[in-house]
Amino acid sequence: QVQLVESGGGLVQPGGSLRLSCAASGNGFSINGMGWYRQAPGKQRELVATITGGRSTNYADSVKGRFTISRDNAKNTVSLQMNSLKSEDTAVYYCHADVYVRGLPDLHGYWGQGTQVTVSS
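Residues numbered from 1 in each chain as written. Predicted model: local features only at pLDDT ≥ 70, side-chain atom pairs only at ≥ 80, totals over all residues. Heavy atoms only, no water.

As a further point, take the overall build of the protein. When its secondary structure is counted, the protein shows zero helices and 11 strands. Taken from N to C terminus, the helices and strands of the protein fall in the order β-β-β-β-β-β-β-β-β-β-β. Against the compact-globule benchmark of 14 Å for 121 residues, the protein has a radius of gyration of 14 Å, which places it among compact chains. Over its C-alpha atoms, taken along the principal directions, the protein stretches across nearly 50 × 25 × 25 Å. Across the 121 residues that make up the protein, the buried fraction comes to 39%. Of the contacts made within the protein by residues no fewer than 6 positions apart, 55% connect residues no fewer than 24 positions apart. Charged side chains in the protein number 11 positive and 8 negative. The centres of these two groups are separated by 4 Å. (Helix = DSSP H or I, 4+ residues; strand = E, 2+ residues; numbered from the N terminus. Rg over C-alpha atoms; globule rule 2.2 N^0.38 Å. Buried < 20%, exposed > 50% of the residue type's maximum accessible area, 1.4 Å probe, protein only. Contact = heavy atoms within 4.5 Å. Lys, Arg positive; Asp, Glu negative; His and termini not counted. Charge placed at Lys NZ, Arg CZ, Asp CG, Glu CD.)

Here it is in structure tokens:
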């Protein structure tokens with residue numbers, strides 16, 4: 001149906017930058033909202049940033065001023081620019097999309113498999 005694939009994770013030093021990307025693929029679908037979430041070991045998954053189809057955004061307080069979410073509707077991609085990274089940003093980052101699939105009555109949430117971001121000196 002629909003697959004989300006993240007890329008761009010890796011190891012970065014505190015104060016550094018990283019850019020994550022997520023691409024949606026499949027047939028017979030359209031995307032409403034998209035977002036990024038993260039989960040550190042032993043913790044609950046938390047919202048990082050979201051973006052609507054109209055490109056309205058919101059961010060977790062912990063990343064405001066440092067992270068920027070954007071999307072390319074023509075390519076069905078969403079990106080997360082991460083600047084001034086801190087050790088507490090270390091987590092697995094997951095892409096999420098609210099998707100309408102042709103032939104199904106409702107929007108359905110899809111998750112990517114995640115990409116590891118490690119901030120360490």
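That shown, we press on.
Let's shift gears to the environment of L4. Looking at the element boundaries, L4 is found in strand 1 (residues 2-7). Sequence separation of L4 and V101 is 97 residues, and the distance between their C-alpha atoms is 14 Å. Ignoring sequence-local partners within four residues, the contact set of L4 consists of C22, A23, A24, C95, H96, A97, Y110, W111, G112 and Q113.

Moving on to the state of the cysteines. All told, the structure shown has one disulfide when counted by the stated rule. The side chain of C22 participates in a disulfide bridge whose partner is C95; the two sulfur atoms lie 2.1 Å from each other. Measuring handedness by torsion sign, the sulfur bridge of C22 and C95 sits at about -80° and is left-handed. Of this pair, C22 sits in strand 3 (residues 18-26) while C95 sits in strand 9 (residues 91-101), and the two are 73 residues apart along the sequence. (Disulfide = S-S within 2.5 Å.)

Residue R55 is not a glycine yet carries a positive backbone phi of 70°. Tracing the backbone through its elements, the reader meets R55 in the loop between strand 5 (46-51) and strand 6 (57-59).

Within this structure, the stated rule accounts for four salt bridges. Where R38 meets E46, a salt bridge forms, and the shortest distance between an N and an O atom there is 2.8 Å. On the basis of relative accessible area, R38 is assigned to the buried category, the value being 5%. Here D89 and R66 are joined by a salt bridge, their closest N and O atoms 2.8 Å apart. In this pair, D89 sits in the loop between strand 8 (77-82) and strand 9 while R66 sits in the loop between strand 6 and strand 7 (67-72), placing the two residues 23 residues apart along the sequence. With relative accessibility at 0%, the residue D89 sits in the buried group. Via salt bridges that share partners, R38, E46, R66 and D89 belong to a single interconnected network. (Salt bridge = Lys/Arg side-chain N within 4 Å of Asp/Glu carboxyl O.)

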